[in-house]
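# An overview of the molecular structure
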Amino acid sequence: MPKFDFDLITIGAGSGGVRASRLSAGYGGRVALIEESRVGGTCVFRGCVPKKLLVYGAHFAEHIEDAAGFGWTVGDVSHDWGALVAAKDTELDRLEKVYHRMLHDAGVSMVDGHGVLTDSNTVEVDGKSMTAERILIGVGGWPFIPEIPGREHVITSNEALDLKELPKRILIVGGGYIALEFAGIFNALGSHVDVVIRAGSVLRGFDDDVRNAVAEALEKKGIHIHRECVVRSIEKTDNGFSVMVDRGEEMLVDQVMYATGRAPNTKNIGLEEAGVNLGKKGEVIVDEWNRSSVENIFAVGDVTDRVNLTPVAINEGRVFAETFFNDNPLTLDYENIASAVFTQPAVGSVGLTEEQAREKHNVRVYLSRFKHMKHTLSGRDERILMKLIVDKETDRVLGCHMVGDDGPEIIQGLAVALKCGATKAQFDATVGIHPTAAEEFVTMRDAVPVSVSR
Ligand code: NDP
């Protein structure tokens, strides 16, 4: 008779929890997976997937405009927001079924409800207790909205994905991934978009040239970025919202969306009671093995607030399962994790920013700004930015950054090169594919002088 009901209980069926549970069960573990909402988590229902589907939908606005330069007569076109949201929902339903089937086939026991730890081996769901040798927390995060008068009126990305109508005017607070991606979607589909940022520039953490290029491109498309600006209050009016910002201006809009970061979902699941140490934001503090301060309680994904990206959560789930259910101890290497912002144009980035690189290395910087071949005929006034940061002593490429359509697709390939420690000489020895934008990454010959002001 086994000591526990299960070998593993996972709380949270998002990207990390699903991967860990499925693999662990595949390796013979007896696994229960508890989820109170839909199986798939933030990525599938409130993040990456629905957002990207809306981004695809938004792209057609420019594709249609650009077609004229290639001889197409398009005529009057219109967009049906409701149809896009409905099509997106159909796809999410399909994905949810795929997740259920995958987990079922792997032998994972699904438990529907809210799991609360009652001790380090026991989880209670709707009054029913179950025990396991190991517990894995994968409950993700939730949008954080600062305390401001009228905060009850605002939406977050959760609601923005399901709006009944496209807002004529939307004010988005924040200048990070989510704010800018949604600004791009709404702007392309016809909304008047104001973005309010407290800092002087968008996308903190990205390379400065990237940040400037993105802001410039978004503004050129008609998105209004209000820099060093703070929202003071939001009031409901008869036909929308009145937003007061700290310069004394009043902005009248149909929706106010906050994209001011996300906080770990660690309340009300018994973590502190079970002795799990939490950090300042409420994140579960874990070691390289994803182990919390309690020996048999682990956590993966956004709830640990390390690198909050779906593929990172998936890989944390993978190394957890390999280590504890396949006798193959693995930790995740967090260096050179590529990321993307699906703005229009998009950002793809891997490795160090110029600023980060200069802190520890002598660097050469290669920078190219050019017009995409497509836009020679479309006439669109948009430029691609590509940037390489190279260590002067070792010739290793430390960072690759791109702003431009297909940036995320291109950078994914270069991330492999960086993982392999590629040098600039190896980039130069790589024969390009012509004609592509990507070939510029292997044909940048002259470093920009240090004194150049960009
Ligand atoms: P980010 O951390 O990217 O951006 C938060 C933004 O909100 C920043 O501009 C920040 O300003 C601002 N902000 C924070 N607090 C306040 C405040 N009190 N008042 C006003 N502004 C504030 O968070 P997001 O919500 O955009 O995204 C959350 C996470 O989700 C990301 O970090 C990313 O890991 C992940 N994500 C990844 C995506 C992708 O891979 N494509 C897409 C979407 C999300 P400041 O710069 O001044 O700090």
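Residues numbered from 1 in each chain as written. Predicted model: local features only at pLDDT ≥ 70, side-chain atom pairs only at ≥ 80, totals over all residues. Heavy atoms only, no water.

## Looking at helix α8 (residues 310-325)
Each α-helix winds once per 3.6 residues, and so residues spaced three or four apart point in a common direction. Its 16 residues give α8 an end-to-end C-alpha distance of 22 Å, which sits within 8% of 22 Å, the value for a rise of 1.5 Å per residue. Buried residues dominate α8, accounting for twelve of its 16 residues. For α8, the set of buried residues is Thr310, Val312, Ala313, Glu316, Gly317, Val319, Phe320, Ala321, Glu322, Thr323, Phe324 and Phe325. Where α8 ends, the next residue or the one after it, aspartate 327, has phi of about 50 degrees, a positive value. (Helix = DSSP H or I, 4+ residues; strand = E, 2+ residues; numbered from the N terminus. Expected span 1.5 Å × (residues − 1). Buried < 20%, exposed > 50% of the residue type's maximum accessible area, 1.4 Å probe, protein only.)

## Some details on the layout of surface pockets
Of the voids in this model, the second largest pocket is the one considered here, and its volume is about 300 Å³. Lining of the second largest pocket is provided by 14 residues; of these, Lys52, Tyr56, His59, Asp405 and Asp406 occupy positions nearest its centre. Of all elements in the fold, only α3 (48-67) and α11 (407-419) reach the threshold of two or more residues within the lining of the second largest pocket. A per-element tally of the lining of the second largest pocket places α3 first, with six residues. Looking at the lining of the second largest pocket residue by residue, the class counts come to six nonpolar, three polar and five charged. (1 Å grid on protein atoms, 1.4 Å probe; cavity = no way out; pocket = protein on both sides within 12 Å on 5 of 7 lines; lining within 4 Å. Points joined across faces, edges and corners; volume = space filled by probe spheres on them. Nonpolar A, V, L, I, M, F, W, Y, C, P; charged D, E, K, R; others polar.)

## Focus on the nonpolar core
Ranked by size, the top nonpolar core spans 38 residues in total, and within it Ile172, Phe186, Val195 and Met257 carry the most contacts. Going through the elements one at a time, α3, α4 (81-106), β8 (169-173), α6 (177-189), β9 (192-196) and α7 (208-220) are the ones with two or more residues in this core. Counting residues per element, this core draws most heavily on α6, which supplies seven residues. Contact partners of valine 195, with chain neighbours within four places excluded, come to Ile172, Gly174, Leu180, Ala183, Ile223, His224, Ile225 and His226. (Core = buried A, V, L, I, M, F, W, Y, C linked by side-chain atoms within 4.5 Å. Contact = heavy atoms within 4.5 Å.)

## A word on the sheet that holds strand β12 (residues 240-245)
Judged by pairing direction, the sheet is antiparallel, and its three strands sit side by side in the order β11-β12-β13 without closing on themselves. The strands lining the two open edges of the sheet, one partner per strand, are β11 (231-237) and β13 (250-253). Averaged over all neighbouring strand pairs, the angle between strand axes comes to 20 degrees, with direction disregarded. Relative to β12, β11 runs antiparallel, the two being bridged by six bridges. When the bridges of β12 are listed, isoleucine 234 appears paired with valine 243. (Pairing = 2+ DSSP bridges. Axes fitted to C-alpha atoms, helices over the stretch in contact; angles between N-to-C directions.)

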